[in-house]
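Spelled out from the first residue to the last, the chains are:
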Amino acid sequence: MLRLSTSDPGFAKAFSKIVKGRREADPDIANDVARIVADVRARGDAALADLTKRFDGHDLGDDAAWRIDQAACRAAYDALDPDLRNALELAASRIRAFHEAQKPADRDEVDSAGVRLGAKWRPVDAAGLYVPGGRAAYPSSLLMNALPAKVAGVERLVVVTPTPKGQSNPLVLAAAYLAGVDEIWRIGGAQAVAALAYGTQRISPVDVVTGPGNAWVAEAKRQLYGVVGIDMVAGPSEILVIADGRNSPEWIAADLLSQAEHDPSSQSILITDDPVFADSVADRIGVETAMLATQRVAEQSWSVHGVIIEVASLAEAPALANALAAEHVEIATDDPEALFAQIRHAGSVFLGRHTPEAVGDYVAGPNHVLPTGRRARFSSGLSVLDFMKRTSFIELDGSALNAIGPAAVALAHAEGLPAHARSIELRLNS
């Protein structure tokens with residue numbers, strides 16, 4: 001774990017190294033993914049079968065082994081412990097309600113020149129949702145991806161998820177049933193993204209691919225953007241906690257570890273104005289990790305990528321937060337709004353001492369698929385808009401064309417495009 005203070009002479013250089021540091025895939029992965037994508041495009045199902053056998057130890061020899069049917073999803077849902085079923089339903093209802101409010105309105109108006117202008121929003125026809133199934137299986141991710149697509153009106157929802165040794169997670173299947181997923185395919189990795197993009201003999205292609213995955217999945221999405229739409233290229237998880245000394249060190253340590261346990265490459269950063277509190281959190285991290293089933297991963301993440309930054313005043317925190325542009329930002333202070341007003345770049349912000357980031361992963365409502373690796377500077381979390389596209393429209397009558405057409409003619413001639421100009425001139429004063 002790295003300990004810094006803004007009063008140190010070398011702070012600017014050390015902090016810049018954190019900001020510019022990349023915890024993502026090495027260049028060799030890009031070459032691996034390119035080969036996998038080319039293989040799936042060329043051989044389709046045969047390539048998927050070979051790669052699934054190689055990476056997941058699962059034989060896709062017959063039709064039944066390729067897909068998980070709706071009956072299995074319903075059975076998994078029915079078999080849930082009632083408390084767990086209620087929790088899943090609460091999460092689904094809150095996620096659905098939040099995303100319903102994101103639906104954009106169509107626009108249709110006539111301006112002062114008599115030109116009718118507007119735009120219509122329409123869903124994509126089909127969306128592919130990647131659900132991790134390797135290091136951990138996340139039913140919450142399925143809900144966070146599928147429900148915005150459903151709200152958008154997508155007709156065909158396709159899930160791809162690896163099933164190591166053929167084993168699927170019942171909670172993921174239950175979530176798929178609850179969200180109304182249409183197809184679930186037992187494939188993962190870069191090959192699954194390629195199958196969604198290009199289609200195979202069994203799997204029809206989709207228009208958009210969303211959902212988190214490992215470095216190979218992220219690289220496949222990067223390479224296939226343009227063949228399909230994507231939500232984002234996601235990297236390792238990250239959390240920034242801005243906290244004063246009036247917090248519980250135990251609470252803040254747990255918050256930092258909530259992201260550290262995802263992956264050894266995850267990053268957790270604490271900014272505080274209280275050195276004694278910083279010491280207490282650092283000490284408590286050791287106690288908390290010892291109690292975790294994910295201890296090995298969390299310890300590696302914290303020891304290699306963890307950072308504590310001491311500031312003279314929390315007034316310094318927003319500038320540091322904006323430079324980091326973190327996926328998750330917690331503000332655990334008496335007046336979180338004052339700092340929040342100054343934070344321009346963050347995937348999602350959690351305000352107050354009783355708002356741990358983890359609640360946003362499950363039941364708060366906003367999406368937990370968020371930009372990482374400083375991409376919050378220019379992108380947002382997954383939303384209904386990722387599954388929709390806007391088509392603008394224009395309608396002019398003769399009077400409206402006479403009002404604005406001459407200006408278009410002048411610009412067309414200025415650009416050296418006489419056919420553009422003529423197509424307008426022929427209609428003027430007609």
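The shown structure was predicted, so the numbers you read here are calculated from the model rather than taken from an experiment.

Peer 1: Let's hear about the pairing of strand β2 (residues 107-110): which residues, and what values?
Peer 2: Pairing of β2 with strand β3 (residues 116-123), which is carried by four bridges, proceeds in the antiparallel orientation. Along β3, the bridge assignment pairs V110 with R116. Between the antiparallel neighbours β2 and β3 lie five residues, among them G114 with a positive phi of about 85°.

Peer 1: Report on the sheet that holds strand β13 (residues 348-351), specifying residues and quantitative values.
Peer 2: Read across the open sheet, the six strands follow the order β1-β11-β10-β9-β12-β13; overall the sheet is parallel. Each edge of the open sheet carries a strand with a single partner, namely β1 (2-5) and β13. The sheet shows a mean angle of 15° between the axes of neighbouring strands, direction not considered. Where β1 meets strand β11 (residues 307-310), four bridges bridge the pair, whose relative direction is parallel. Residue pairing in the sheet places S5 in a bridge with E310 of β11.

Peer 1: Describe the packing of helix α9 (residues 189-198) against helix α10 (residues 215-224), naming the residues involved and giving the relevant values.
Peer 2: Close contact between α9 and α10 brings their axes to 7 Å; oriented N to C, the two are set at 30°. The angle between α9 and α10 places the two elements in the roughly parallel class. Viewed along their axes, α9 and α10 form a crossing whose handedness is right-handed. From α9, G189, A190, V193, A194, A197 and Y198 reach across to α10, where they touch W216, V217, A220, K221 and L224. Residue composition of the contact of α9 with α10, by class: nine nonpolar, one polar and one charged.

What counts and what doesn't
Residues numbered from 1 in each chain as written. Predicted model: local features only at pLDDT ≥ 70, side-chain atom pairs only at ≥ 80, totals over all residues. Heavy atoms only, no water. Pairing = 2+ DSSP bridges. Helix = DSSP H or I, 4+ residues; strand = E, 2+ residues; numbered from the N terminus. Axes fitted to C-alpha atoms, helices over the stretch in contact; angles between N-to-C directions. Parallel < 35°, antiparallel > 145°, perpendicular 65-115°, else oblique. Left-handed = near helix turned anticlockwise from the far one by under 90°. Contact = heavy atoms within 4.5 Å. Nonpolar A, V, L, I, M, F, W, Y, C, P; charged D, E, K, R; others polar.

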